[in-house]
Amino acid sequence: GEFGVPVIVGSGRDCGIRLSGVGIPSRLCEIFVGDDDEMVLRLVPPDPGSQVLRVFVNGQSVPDEGSCASLEHGDRVIFGWAHCFQVHAPGRAGRLGLPRPPPEATAASVL
């Protein structure tokens, strides 16, 4: 399908997902979201002297700058050494027959 404008992940002010810490250069990666909520993560080539890029998807390293990894609903993504996220795309999950995430917890439901 067609992909839209990517969301940049990194420590730079121009990033749509702004993180800081070890392993997070100013521009770490781009996440493209396409038709049908298809998602692709692509490492951005580092600036000279930049930190080593560190991104894992479901425990597997995304090996080299310019490398891409497909993302699916429920995937775990680690950026740098301290930021872990889980991909949530409930619409895509339903179309692919994957389990949907549990409803969000509220203060009342936790107590």
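Quick caveat, the model's predicted, so the values are computed rather than measured.

Student: Before we move on, can you summarise the pattern of salt bridges with the specific residues and values?
Tutor: Taken as a whole and judged by the stated rule, the model has two salt bridges. With a shortest N-O distance of 2.8 Å, Arg-27 and Asp-14 are connected by a salt bridge. Highlighted residues: Arg-27 in the loop between β2 (17-18) and β3 (29-33) and Asp-14 in the loop between β1 (7-10) and β2, separated in sequence by 13 residues. Residue classification places Asp-14 among the exposed positions, given a relative accessible area of 52%. Put simply, Arg-42 and Glu-30 hold a salt bridge, and the shortest N to O gap is 2.6 Å. Here Arg-42, found in strand β4 (residues 39-43), pairs with Glu-30, found in strand β3; they are twelve residues apart in sequence, far enough to count as distant.

Student: Explain the sheet that holds β1 to me, and be specific about the residues and the numbers.
Tutor: Reading across the sheet, the five strands line up as β2-β1-β3-β4-β7 and stay open at both edges, with mixed pairing between neighbours. This sheet does not close on itself; its edge strands, each paired only once, are β2 and β7 (68-71). Taken together, the three bridges between β1 and β3 define a ladder with antiparallel strand orientation. Pairing of Ile-8 across the sheet is with Glu-30, part of β3.

Student: Run through the pairing of β1, naming residues and quoting values.
Tutor: Bridge analysis of β1 against β2 gives two bridges, and the strand direction is parallel. When the sheet's bridge partners are listed, Val-9 is paired in β2 with Ile-17.

Student: Kindly report on the nonpolar core, identifying the contributing residues and their values.
Tutor: Residues Leu-41, Val-55, Leu-71, Val-77 and Phe-79 are the most contacted members of the largest nonpolar core, which totals 19 residues. Broken down by secondary-structure element, the contributors of at least two residues to this core are β3, β4, β5 (55-57), β7 and β8 (76-79). It is β4 that contributes the most residues to this core, three residues altogether. Non-local contacts of Leu-41, meaning those with residues more than four positions away in its chain, are made with Cys-29, Glu-30, Ile-31, Val-55, Val-62, Ser-67, Cys-68, Ala-69, Leu-71, Val-77 and Phe-79.

Calculation criteria
- Residues numbered from 1 in each chain as written.
- Predicted model: local features only at pLDDT ≥ 70, side-chain atom pairs only at ≥ 80, totals over all residues.
- Heavy atoms only, no water.
- Salt bridge = Lys/Arg side-chain N within 4 Å of Asp/Glu carboxyl O.
- Helix = DSSP H or I, 4+ residues; strand = E, 2+ residues; numbered from the N terminus.
- Buried < 20%, exposed > 50% of the residue type's maximum accessible area, 1.4 Å probe, protein only.
- Pairing = 2+ DSSP bridges.
- Core = buried A, V, L, I, M, F, W, Y, C linked by side-chain atoms within 4.5 Å.
- Contact = heavy atoms within 4.5 Å.

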